[in-house]
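# Secondary and tertiary structure notes
This is what each chain is made of:
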Amino acid sequence: MSIPDLLLRLTIWFLLTADLSPANIAIGLFVAWFIPHRYTVPASWKRWLKELLRVCWEIVLAIPKAYFEAFEIILRPHAKEVITRERVRPFRTPGLIFLDIFLITFTPKTIVLKCREDGWYEVHQVERRKRP
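Residues numbered from 1 in each chain as written. Predicted model: local features only at pLDDT ≥ 70, side-chain atom pairs only at ≥ 80, totals over all residues. Heavy atoms only, no water.

## Looking at helix 3 (residues 45–75)
Counted at 1.5 Å a residue, the expected span for helix 3 with its 31 residues is 45 Å, and the 44 Å between its end C-alpha atoms agrees. Largest kink in helix 3: about 35°, centred on Ala62, with the proline Pro64 one to four residues after it. Residues of helix 3 that are buried: Trp48, Glu51, Arg54, Val55, Ile59, Ala62, Ala66, Glu69 and Glu72. Of the surrounding secondary structure, the elements contacted by the buried residues of helix 3 are helix 1 (3–17) and helix 4 (94–105). (Helix = DSSP H or I, 4+ residues; strand = E, 2+ residues; numbered from the N terminus. Expected span 1.5 Å × (residues − 1). Bend = angle between axes of the 7 residues up to and from the residue. Buried < 20%, exposed > 50% of the residue type's maximum accessible area, 1.4 Å probe, protein only. Contact = heavy atoms within 4.5 Å.)

See the structure below:
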């Protein structure tokens, strides 16, 4: 297991447990290390940092969009549901795929339903109905 993937799993563990006690850190290390994993491409620090910076910037841009979408859903309910497919970027580690899914799911109108083995995300979106 690469260090970036281990750090991502530990970060998720600490966010879920909200506990930084020595016992929880030990349990988190154990869980992060022994969760089953499958690699397609080895992770590199350079790729991780580049993608992490890209995702952080996209999250900063998505925050106003998320507020706008939330108010839009409250004020004008959306009744149309659409399931679309988005292509997974090439050469992605499981950790980078997680970051992509997090970014897609960050806004209120979209959620990833499934990450398919053939390299596609199934994304559920709510939209406003077009008036005839």
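Picking up after the structure, the text goes on.
## Brief notes about the pattern of salt bridges
Oppositely charged side chains may form a pair once their charged atoms are brought near each other. Taken as a whole and judged by the stated rule, the model has 8 salt bridges. One salt bridge connects Asp118 with Arg116, and the closest N-O pair in it is separated by 2.7 Å. Looking at Arg116, the relative accessible area reads 25%, which means it is partly exposed. Here Glu122 makes a salt bridge to Arg116, at a shortest N to O gap of 3.3 Å. The structure contains a network of salt bridges with shared partners spanning Arg54, Glu58 and Asp100. (Salt bridge = Lys/Arg side-chain N within 4 Å of Asp/Glu carboxyl O.)

## Let's talk about the domain arrangement of the protein chain
The domains assigned to the protein chain are domain 1 (1–41) and domain 2 (44–131). Inter-centroid distance (C-alpha atoms) of domain 1 to domain 2 is 23 Å. Taking both partners together, domain 1 and domain 2 bury about 840 Å²; carbon and sulfur atoms supply 70% of that area. Joining domain 1 to domain 2, the criterion identifies 0 salt bridges. Scanning the region where domain 1 abuts domain 2 turns up 0 residue pairs in polar contact (both at pLDDT 80 or more). Its residues assigned to classes, the side of domain 1 that touches domain 2 shows 7 nonpolar, 1 polar and 2 charged. (Domains from an automatic or database assignment. Buried area = accessible area lost by both parts, 1.4 Å probe. Polar contact = N/O pair within 3.5 Å; in protein donor to acceptor, adjacent residues only side chain to side chain. Nonpolar A, V, L, I, M, F, W, Y, C, P; charged D, E, K, R; others polar.)

## Quick look at the side chain of Glu122
Among the secondary structure elements, Glu122 is positioned in strand 3 (residues 120–127). For Glu122, the side chain forms a polar contact with the side chain of Arg116, separated by 3.3 Å. Those residues in contact with Glu122, other than ones at most four positions away along the chain, are Thr84, Ile111, Val112, Leu113, Lys114 and Arg116.

## A few points about the sheet that holds strand 1 (residues 80–87)
Taking strand neighbours across the sheet as the criterion, the 3 strands line up as 1-3-2 in an open arrangement whose pairing is antiparallel. Edge positions in the sheet fall to strand 1 and strand 2 (110–115), since each has one partner strand and no second. Strand-to-strand twist of the sheet, defined as the mean angle between neighbouring strand axes without regard to direction, takes the value 25°. The sheet contacts of helix 4 involve strand 1, strand 2 and strand 3, and relative to strand 2 the element is tilted by about 145°. (Pairing = 2+ DSSP bridges. Axes fitted to C-alpha atoms, helices over the stretch in contact; angles between N-to-C directions.)

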